[in-house]
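Overview (structure and organization)
Residue-level listing of the chains:
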Amino acid sequence: MIRVLHTGDWHIGQTLRGFSREREHDAVFGGLESIVVEREVDALVVAGDVFDSQNPSGESQARFYALMARLHAARPEMTIVITAGNHDAAGRLEAPRPLLEAIGVHVVGNVRRRDGAIDLERHLVPIRSAGGEVAAQVLAVSYPTAACLPPLSSFGSERRIGETSPIVRAVRDLYGQLFEAARPRLAGLPLLVTGHLHVAGGLESEGAERRILVGGDHAVPADVFPEEARYVALGHLHRAQGLGGGQVRYCGSLIPLSAAEQPYRHGVTLVTLGTGAAEIEHIAIPRPVPFLRLPASGDMPLADLGDHLAALALDPDLPMEARPYIQVRLSREGLVPGYRAEVDRIAESFPVRVVDVRVTVPPRAAIEIAESEAPPPRLSERDPEELFRLAYRAKWDEEPEPAHLDVFHRARAEV
């Protein structure tokens, strides 16, 4: 039996509305260290987006390398596999590869080929049991940039009825090439495959995850991955969720990376590989800083915000990095322009960090009444998707369908 801990989307260096996440990253990385020791993990797989930026700060890089050293010290026999995500600079991530491999860390940036063929030595990582024998294999694949994929021109430029798009066929072909190169070495051993992309059916986090596939496509079907894979370890979507019967899975991020992720149960996924189907367990990691919604459900008048904040009974001396993040949901009734500044003024008297303020969108008839009674808020205070929904309803007198929202998000991502 081999135990693999699947994690990803660390986004080291990220800020939330200007607030540093360093304290939170340090805390959840400490939890990660405890899990690999307590669960006697044989391999740690990080499925992309190690950093939040392709040009991470020196402090962010130092935090990452220090974590690698601590993990190796805590579990010297553990293999660590790290793949690049769309937020990572693949070359930068791979640069210290010789040093990292000395402590059991295998980094995979772009797809590597030699004389046109897949360089399997860079992508197939053996996982050894406690006895030292190879007991499983990881086929490590990073975010599929255009340079990683087979030439799209070879798949044609038009989509015919019943066919998938050229980009989906290219991704499928890439995984097919990788698996065919790996097949002779598998010898019946369990295979774990990684990926960093959006698989159809996966639930996004609003405002947090870029629509990243090249060629204008948004998602690939779950069957692009080799059916022989016991488990597919995915990164990119921040909500922990299983697809394709459960063996194709996003582990989710370690902390909420946007206000939309406030309800998520963040953590890691423990995968046990043996002779049968993979055993999958989600392990929650305690949230280092509370992330609260006010009110807990529904909305409230702006005048009630102070009472809700006072009811939290927080220590007024909380340091900034320990103050809870707050989502505020306001009712539109009686709201006047400049309400966002008033929210900040009220919150200044409490040890909190307000990171999201939204106004409930009433039905069409209520919108017309509200607009006749009070000036609308400024465009800068409105969520773009909310404005799109309002415009669509005003034009067609019905709600936009998922296909319309998909086109909207594609256009927004290209701006």
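For the structure, check the block above.
Presented here is an overview of the structure given in this document. (Residues numbered from 1 in each chain as written. Predicted model: local features only at pLDDT ≥ 70, side-chain atom pairs only at ≥ 80, totals over all residues. Heavy atoms only, no water.)

**Side note on the environment of V271**
Operational definition: Elements are defined by DSSP. Helices are runs of H or I of four residues or more, strands are runs of E of two residues or more, and each kind is numbered from the N terminus. Any two residues whose heavy atoms approach within 4.5 Å are treated as being in contact.
Within the secondary structure, V271 sits in strand β15 (residues 267–273). The spacing of V271 and A43 is 228 residues in sequence and 9.8 Å in space, taken between C-alpha atoms. Leaving out residues up to four positions away in the same chain, V271 has contacts with I2, R3, V4, Y231, A278 and E279.

**Notes on unusual backbone geometry**
The test is simple: Remark: exposure states derive from per-residue accessible area (1.4 Å probe, protein chains only) relative to the maximum for the residue type, with buried under 20%, exposed over 50%, and partly exposed in between.
For the bond from L294 to P295, the omega torsion is -5 degrees, close enough to zero to count as cis. Locating P295 in the fold gives a position in the loop between β17 (291–294) and α7 (305–311). A positive phi angle, near 50 degrees, is found at E40, a position not held by glycine. Along the chain, E40 falls in the loop between α1 (22–38) and β4 (43–47). Residue classification places E40 among the partly exposed residues on the basis of a relative accessible area of 43%. Non-glycine residue A187 carries a positive phi angle of around 50 degrees.

**Looking at helix α2 (residues 58–74)**
Every α-helix carries 3.6 residues per turn, so stepping three or four residues along brings you back to the same face. Convention followed: To estimate how far a helix should reach, multiply one less than its number of residues by 1.5 Å.
For α2, with 17 residues, the first-to-last C-alpha span of 24 Å sits near the 24 Å given by 1.5 Å per residue. Among the structural elements, α1, β4, β5 (79–83), α3 (90–94), α4 (97–101) and β6 (105–108) are those in contact with the buried residues of α2.

**Focus on the pairing of strand β10 (residues 134–139)**
Filter applied, for reference: The criterion for strand pairing is that DSSP finds at least two bridges linking the strands in question.
Note: strand β9 (residues 124–128) against β10, 5 bridges, orientation antiparallel. Each bridged residue has a counterpart across the sheet, and for R128 the counterpart in β10 is V134. The antiparallel pairing of β9 with β10 creates a hairpin that spans 5 residues between the two strands, and G132 there sits at a positive phi of about 100 degrees. As defined by bridge partners, β10 adjoins strand β11 (residues 191–196) across 3 bridges and the pair is classed as parallel. What sits directly across from L139, in β11, is V193.

**Thoughts on the pairing of β17**
Heads up, the condition is: The definition of a right-handed crossover adopted here requires that, viewed with the strands pointing away, the path from the first strand over the helix to the second runs clockwise.
Judged from the 4 bridges that link them, β17 and strand β18 (residues 325–330) form a sheet pairing that is parallel. For L292, the partnering residue across the bridge sits in β18 and is I326. Of the crossover connections in this fold, the one passing from β17 over α7 to the parallel β18 is right-handed.

**A word on the sheet that holds strand β13 (residues 241–243)**
The strands making up a sheet associate through backbone hydrogen bonding, with each pair oriented either parallel or antiparallel. We apply this condition: Under this scheme, a helix contributes an axis fitted over its contacting stretch, all axes are lines through C-alpha atoms, and angles between N-to-C directions fall in the 0 to 180 degree range.
Strand order across the open sheet formed by 6 strands is β9-β10-β11-β12-β14-β13, with mixed pairing between neighbours. Looking at which strands have only one partner, the edges of the open sheet turn out to be β9 and β13. Looking at each pair of strands side by side, their axes are set apart by 25 degrees on average, direction ignored.

**Considerations on the packing of α1 against α2**
The test is simple: In what follows, roughly perpendicular refers to angles from 65 to 115 degrees, roughly parallel to angles under 35, roughly antiparallel to angles over 145, and oblique to any angle outside these ranges. Rotating anticlockwise by less than a right angle from the far helix to the near helix defines a left-handed crossing, while the corresponding clockwise rotation defines a right-handed one. Side-chain classes are defined by residue name, with Ala, Val, Leu, Ile, Met, Phe, Trp, Tyr, Cys and Pro counting as nonpolar, Asp, Glu, Lys and Arg as charged, and the others, Gly among them, as polar.
Viewed as axis vectors pointing N to C, α1 and α2 meet at an angle of 20 degrees, and their least axial separation amounts to 10 Å. In terms of orientation, α1 and α2 fall into the roughly parallel class. The crossing of α1 and α2 is right-handed. Along its contact with α1, which presents E22, H25, D26, F29, E33, V36 and V37, the element α2 presents R63, L67, R70, L71 and A74. Classifying every residue of the contact of α1 with α2 by side-chain character gives 6 nonpolar, 1 polar and 5 charged.

**A look at the packing of aromatic side chains**
Heads up, the condition is: Ring geometry is summarised as follows: Phe, Tyr and Trp rings, the Trp one being its six-membered ring, pair when their centres sit within 6.5 Å, and such pairs are stacked at plane angles under 30 degrees, edge-to-face over 60 and tilted between the two.
Applying the stated rule across the entire model yields 6 aromatic pairs. Taking the centre distance of 6.5 Å and the plane angle of 55 degrees together, the rings of F19 and Y325 count as tilted. You can see F19 sitting in strand β3 (residues 19–20) and its partner Y325 sitting in strand β18, a full 306 residues away along the chain. In this structure F19 comes out as partly exposed when scored by relative accessible area, which is 21%. Ring geometry for F291 and Y325: centres 5.4 Å apart, planes at 45 degrees, overall tilted. With F291 in strand β17 and Y325 in strand β18, this residue pair connects regions lying 34 residues apart in the sequence. Among the residues examined, F291 registers a relative accessible area of 4% and is labelled buried. A network of ring pairs unites the aromatic residues F19, F291 and Y325 as a single cluster.

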